[in-house]
Amino acid sequence: FVPLEHFADLIYWLDNKGVPSFGSIGSGYVFPCFDDRKDLKEFYEYLKSIDGTLGKVFGYGLLKKDFLPDERKKLLHEMKLKFDPYEILNIGKLI
């Protein structure tokens, strides 16, 4: 999610990087389609700088977990343990 006052900035940033994206302009959601995962770190840092948040529509898996605040990681891990106390499902993923 990106606050609407920064939505145009994000679209401009993605366009300058040549990253195609889709989303909902009215709600502030955008889904960039990166060709190279190494560009994700730069994207997440930029997103944080404009008060954006990581989307959870597709979960917090192997790529996004390194960019979440520690308190959110802890909360997600505690929630996962309720359903998977032996941590045998989705090994290495938060959810």
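Residues numbered from 1 in each chain as written. Predicted model: local features only at pLDDT ≥ 70, side-chain atom pairs only at ≥ 80, totals over all residues. Heavy atoms only, no water.

Asks: Give me the lowdown on the overall build of the chain, citing residues and values where you can.
Replies: Looking only at helices and strands, the chain features three helices and two strands. Beginning at the N terminus, the succession of helices and strands in the chain can be written as α-β-β-α-α. When burial is assessed residue by residue, the chain has 26% of its 95 residues classed as buried. Intrachain contacts of the chain at a sequence separation of at least 6 include 37% that bridge at least 24 residues. Of the roughly 6,900 Å² of accessible surface on the chain, 58% is carried by carbon and sulfur atoms. (Helix = DSSP H or I, 4+ residues; strand = E, 2+ residues; numbered from the N terminus. Buried < 20%, exposed > 50% of the residue type's maximum accessible area, 1.4 Å probe, protein only. Contact = heavy atoms within 4.5 Å. Areas by Shrake-Rupley, 256 points an atom, 1.4 Å probe, with all protein chains shown as cover.)

Asks: Report on the nonpolar core, specifying residues and quantitative values.
Replies: Grouped together as the largest cluster of nonpolar side chains are 17 residues, with contacts concentrated most on Val2, Leu10, Leu14 and Phe43. Elements with a contribution of two residues or more to this core: helix H1 (4-17) and helix H2 (39-49). The leading source of residues in this core is H2, at five residues. Dropping the residues within four chain positions of it, Val2 is found in contact with Phe7, Leu10, Gly28, Leu47, Ile50 and Gly52. (Core = buried A, V, L, I, M, F, W, Y, C linked by side-chain atoms within 4.5 Å.)

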